[in-house]
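Results of the structural survey
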Amino acid sequence: MGGLLCNKVCIITGAAQGIGKGIAEQFAADGAIVYACDLREGSMDEWSKECSAKTSTRVVPMYFDVCDATAVKNAFMAIFKAEGRIDVLVNNAGVVFNRRIGMIRRDETELMFRVNVIAVIEMVQLVSRLMARNGGGSIVNIASVTAQIGSPGQSAYSATKGAVISFTKSAAKELASQGIRVNAVAPGIVKTERFAELYESEGKKIDDRISRIALGRLGTPQDIANACTFLASDRSSYISGEILGVNGCASI
Ligand SMILES: NC(=O)c1ccc[n+]([C@@H]2O[C@H](COP(=O)([O-])OP(=O)(O)OC[C@H]3O[C@@H](n4cnc5c(N)ncnc54)[C@H](O)[C@@H]3O)[C@@H](O)[C@H]2O)c1
């Protein structure tokens, strides 16, 4: 079987829905052995079977909280033991609470920093040790356009994604000598389940937002998956420490 990611062992977090699911499906279509990880027990059982059958590769569901360091370690070690290597990690799992500054709540902000930042740092720490044993790998962190150009009502969330961007650049410098590339994809507004929940009732506001996207439409999980596939693959072997905006040329 061919494909850009043929036989690469890839871990994708937050793969039960939205962007993560799109990335997992594209990686499988490109021949990767996909470990699809999410918090919600059982949520990927049926889909992973269908996806494996459709693509003739393996899509394996794993359930753990990315903030639980012991569970993450057990999962990554089990994958390494089963496959003998880990080639790609996509840090996609994330949480968002949209609040104007006056309404920001500490519990929500702490959860965003735990999931979006601390868990990412700890997973890169762990996976880089394992990738180094086989001469390297590729890590793709999912950031956000909000961290690059700002977005009212998303200051706390965008601070977490700004941290992801800074971490990506320094980690890339530090891990290059071990053959590990670290890049980030910064999506614009992507039409996912979460998007529907957050915005669809707002009608006009969405039209406003689309009018500020030069390419004239919202992003899709497929748009983000295409960028991740490139950064995960050897086609991007001389690219590290970059933040790839996938936002339709947006000015929020
Ligand atoms: N949708 C957008 O418009 C958009 C834009 C920019 C960036 N992003 C980023 O893209 C990523 C995916 O976004 P989405 O819209 O698909 O989100 P989503 O909420 O639809 O999906 C996120 C997935 O992550 C999982 N998850 C959440 N916390 C977890 C945890 N602690 N451990 C394991 N899994 C956990 C959820 O169960 C869910 O399946 C996030 O990092 C998000 O911040 C999204």
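Values in this document were obtained by computation on a predicted structure and should not be read as measured data.

Remarks on the side chain of glutamate 83
When you line up the elements, glutamate 83 lands in helix H3 (residues 69–83). Not counting residues up to four positions away in its chain, the partners in contact with glutamate 83 are Val9, Ile33, Tyr35 and Arg58.

Concerning the environment of alanine 250
Here alanine 250 is to be found in the segment after strand E7 (243–246). C-alpha separation for the pair alanine 250 and glycine 188, spaced 62 residues apart in sequence, amounts to 7.0 Å. For alanine 250, the residues in contact, after removing those within four places along its chain, are Ile149, Arg212 and Ile213.

So, the site of the ligand
Lining the immediate environment of the ligand, one finds 27 residues, of which Gln17, Asp38, Asp65, Asn92 and Tyr157 sit closest. Interatomic distance of 2.6 Å between a side-chain N/O atom of aspartate 38 and an oxygen atom of the ligand. Within the contact set of the ligand, an oxygen atom lies 2.8 Å away from a backbone nitrogen or oxygen of valine 190. The fraction of the free accessible surface of the ligand (830 Å²) that becomes covered by protein chains is 92%. In this structure the site holding the ligand corresponds to the largest pocket.

A few points about unusual backbone geometry
With phi around 65°, asparagine 7 is a residue other than glycine that occupies positive phi space. For asparagine 7, the position within the fold is in the segment before strand E1 (9–13). Overall, the relative accessible area of 46% leaves asparagine 7 in the partly exposed class.

With respect to the pattern of salt bridges
Summed over the entire model, instances satisfying the criterion amount to 9 salt bridges. Of the charged contacts in the structure, one is a salt bridge between arginine 40 and aspartate 38, with a shortest N-O distance of 3.8 Å. The exposure class of arginine 40 is partly exposed, given its relative accessible area of 40%. Given a relative accessible area of 10%, aspartate 38 falls into the buried group. Taking the shortest distance from any N to any O, the salt bridge between aspartate 87 and arginine 85 comes out at 3.0 Å. Note on aspartate 87: relative accessible area 15%, which makes it buried. Overall, the relative accessible area of 26% leaves arginine 85 in the partly exposed class. Each member of the salt-bridge network shares a partner with another, and the members are Arg99, Arg105, Asp107 and Glu108.

Reading guide: rules and limits
Residues numbered from 1 in each chain as written. Predicted model: local features only at pLDDT ≥ 70, side-chain atom pairs only at ≥ 80, totals over all residues. Heavy atoms only, no water. Helix = DSSP H or I, 4+ residues; strand = E, 2+ residues; numbered from the N terminus. Contact = heavy atoms within 4.5 Å. Near = heavy atom within 4 Å. Polar contact = N/O pair within 3.5 Å; in protein donor to acceptor, adjacent residues only side chain to side chain. Areas by Shrake-Rupley, 256 points an atom, 1.4 Å probe, with all protein chains shown as cover. 1 Å grid on protein atoms, 1.4 Å probe; cavity = no way out; pocket = protein on both sides within 12 Å on 5 of 7 lines; lining within 4 Å. Sits in = over half its atoms within 2 Å of the grid points. Buried < 20%, exposed > 50% of the residue type's maximum accessible area, 1.4 Å probe, protein only. Salt bridge = Lys/Arg side-chain N within 4 Å of Asp/Glu carboxyl O.

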